[in-house]
Amino acid sequence: QVQLVESGGGLVQPGGSLRLSCAASGSIFSINVMKWYRQAPGKERESVATITVSGRTNYIDSVKGRFTISRDNAKNTVYLQMNSLKPEDTAVYYCYAQIATVTSGYRFLEHWGQGTLVTVSS
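Predicted model only: the values in this text are computed from it and were never measured.

Draft legend 1. Structural context of the overall build of the chain. For the chain, the count of helices and strands is 0 helices and 11 strands. Listing the helices and strands of the chain from first to last along the sequence gives β-β-β-β-β-β-β-β-β-β-β. Relative to the compact-globule value of 14 Å for 122 residues, the chain shows a C-alpha radius of gyration of 14 Å, a close match. Once the C-alpha set of the chain is aligned to its principal axes, its extents read approximately 50 × 25 × 25 Å. Partitioning the contacts of the chain with sequence separation of at least 6, the portion at a separation of at least 24 is 55%.

Draft legend 2. A look at the environment of Ser54. Assignment of secondary structure puts Ser54 in the loop between β5 (46–51) and β6 (57–59). Here the alpha-carbon distance between Ser54 and Thr116, two residues 62 residues apart in the chain, equals 26 Å. A distance of 3.1 Å separates the side chain of Ser54 from the side chain of Thr52, its partner in a polar contact.

Draft legend 3. Quick peek at the nonpolar core. Judged by nonpolar contacts, the single largest core of 28 residues is most densely connected at Trp36, Phe67, Ile69, Val78, Leu80, Met82 and Tyr93. Looking at this core, the elements with two or more residues in it are β3 (18–25), β4 (28–39), β5, β7 (67–72), β8 (77–82), β9 (91–101) and β11 (116–120). In terms of residue count, the dominant contributor to this core is β9 (5 residues). Contact partners of Tyr93, with chain neighbours within four places excluded, come to Glu6, Leu20, Trp36, Tyr37, Arg38, Val48, Phe67, Leu80, Met82, Gly115, Thr116 and Val118.

The rules behind the values
- Residues numbered from 1 in each chain as written.
- Predicted model: local features only at pLDDT ≥ 70, side-chain atom pairs only at ≥ 80, totals over all residues.
- Heavy atoms only, no water.
- Helix = DSSP H or I, 4+ residues; strand = E, 2+ residues; numbered from the N terminus.
- Rg over C-alpha atoms; globule rule 2.2 N^0.38 Å.
- Contact = heavy atoms within 4.5 Å.
- Polar contact = N/O pair within 3.5 Å; in protein donor to acceptor, adjacent residues only side chain to side chain.
- Core = buried A, V, L, I, M, F, W, Y, C linked by side-chain atoms within 4.5 Å.
- Buried < 20%, exposed > 50% of the residue type's maximum accessible area, 1.4 Å probe, protein only.

Below, the structure written as structure tokens:
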């Protein structure tokens with residue numbers, strides 16, 4: 001029973017900062033790629049940031065230089081540090097992880113967090 005629990009969303013003024021956290025729990029054997037997605041009302045869900053188990057990262061152009069994805073493998077946790085926030089960043093942010101367990105036959109399966117709302121407004 002793998003779960004991804006997100007936290008850190010909220011209301012912030014333009015130019016402000018937020019830090020999102022996503023902790024995976026359960027009988028986890030291994031976690032591969034972890035990502036952050038976001039979805040605004042009426043918009044398609046988009047991948048914001050990606051991090052591999054070795055720490056390689058990738059970002060969509062709109063957040064480069066402002067967002068930083070990181071992970072703590074010992075804590076099974078991924079973070080998204082968001083700085084210089086803009087109203088266009090307003091969305092529900094979702095954590096994503098590829099996780100292998102004994103019950104999955106050590107195959108990596110996709111798991112999603114419940115989403116946390118980030119609102120950037122003055």
